[in-house]
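Chain by chain, the residues run as shown.
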Amino acid sequence: MNLILMGAPGAGKGTQSAKIAEKWNIPAVSTGDMLRAAVKEGTELGKAAKSFMDAGQLVPDEVVIGIIKDYLSSDKCTNGFILDGFPRSIPQAEALDAMGVKIDAALSLEVADEKIVERMSGRRICSSCGASYHVVYNPPKQADVCNVCASALYTRADDAAETVLNRLSTYHAITEPLKDYYAAKGILICVDGQEDVEDTTACVMKALSKFEA
Ligand code: ADP
Ligand code: ZN
C-alpha cells in the first residue's frame, strides 16, 4: 500500500502514521521529521529550511521534493510506504506523480481549527526518536519522558500559538486544495479525527481495511 496522509498541522498525522506503519509493516516517512533532523545536524538542507519552519511557512517545494525523491528511490519502500506531510502543495503532488509512483489512497485526517490550537499547546516530542505525545490526550507513562526510548520530551518551537495560526492558514491556502486534487483521482479518503487517539486509529484502520491483503 502506498499511502499519503494529509491533515492540518497537529491533526495527528504522525501518531496515526506510526500505527499504520506498524500494522502494515511498511515505513512511514515524515518530511517534518526529516527537516527537523537536518536542522538539528546543521546541514545545508537544515540551514535552508530552518527560517521557514520557525515562521510556520512551508519549506520551498524543490527542497522537499528532493528529499522525497531520494527516499522513494531507496529499497526501503519496495513493499509500500506512508508519506506523512508530503505532498503539501499542488506542485509537490505533481512532482510525486512525475516520479511515477502509484498512490493507492490519500487519507485526510479532518480536525476543526479550534481543536488544533488546543492540541498543539499540549504537544510534546521525543528529542531522540521523534515519537509524539500530548499532555492530555496521549500522555507518556512518565511525565516528559519518552515511552519508547526514555529520552527527554520537548515542545516544538513552531508549536507556539502565533506560529500555529500561520501554519493553519498555510494549510488552508496551500495544502487543503490537495483534497480536490486526489478526489479527482478517486483516491481521497476523509476520516474525522476523534477526541481519543485510539478511536481515531479505529476509524483510520476501518477506512484502510479495503487494502488488506
Ligand atoms: P505539522 O504537520 O504539524 O505542521 P510537520 O512536522 O509535518 O508538522 O512539519 C513541520 C514544518 O516542516 C512545516 O511547518 C514546514 O515548514 C516544514 N515541512 C514539512 N513538510 C513539508 C512539505 N512537504 N513541504 C514544505 N514544508 C514542509
Ligand atoms: Zn523516544
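Below, the structure is looked at part by part. (Residues numbered from 1 in each chain as written. Chains lettered and ligands numbered in written order. Predicted model: local features only at pLDDT ≥ 70, side-chain atom pairs only at ≥ 80, totals over all residues. Heavy atoms only, no water.)

1. Things to note about the coordination of the zinc ion (ligand 2)
Surrounding the zinc ion (ligand 2) are the protein donor atoms C126 (SG), C129 (SG), C146 (SG) and C149 (SG), which sit 2.3 Å from the metal. For the zinc ion (ligand 2), the 4 donor atoms in the first shell make angles of 98 to 118° at the metal, so the coordination geometry reads as tetrahedral. Donor residues for the zinc ion (ligand 2), ordered by position in the chain, follow C-x2-C-x16-C-x2-C. Residue classification places C126 among the buried residues on the basis of a relative accessible area of 3%. Classification of C129 as partly exposed rests on a relative accessible area of 40%. (Donors = N, O, S within 2.8 Å, 3.2 Å for Na, K, Ca; no water. Tetrahedral: all angles 85-135°; square planar, octahedral: opposite > 155°, others 65-115°. Buried < 20%, exposed > 50% of the residue type's maximum accessible area, 1.4 Å probe, protein only.)

2. Details of the side chain of T201
Along the chain, T201 turns up in helix α9 (residues 197–208). Using a relative accessible area of 12% as the deciding quantity, one classes T201 as buried. Non-local contacts of T201, meaning those with residues more than four positions away in its chain, are made with Q16 and K19. (Helix = DSSP H or I, 4+ residues; strand = E, 2+ residues; numbered from the N terminus. Contact = heavy atoms within 4.5 Å.)

3. Looking at the sheet that holds strand β6 (residues 132–134)
Strand order in the open sheet formed by 3 strands is β6-β5-β7, and the pairing between neighbours is antiparallel. Across the chains shown, the open sheet's two edge strands, defined by having one partner strand only, are β6 and β7 (153–154). Of the strand pairs in this sheet, strand β5 (residues 123–126) and β6 are connected by 3 bridges, and their pairing is antiparallel. Bridge assignment links R123 to a residue of β6, and that residue is H134. (Pairing = 2+ DSSP bridges.)

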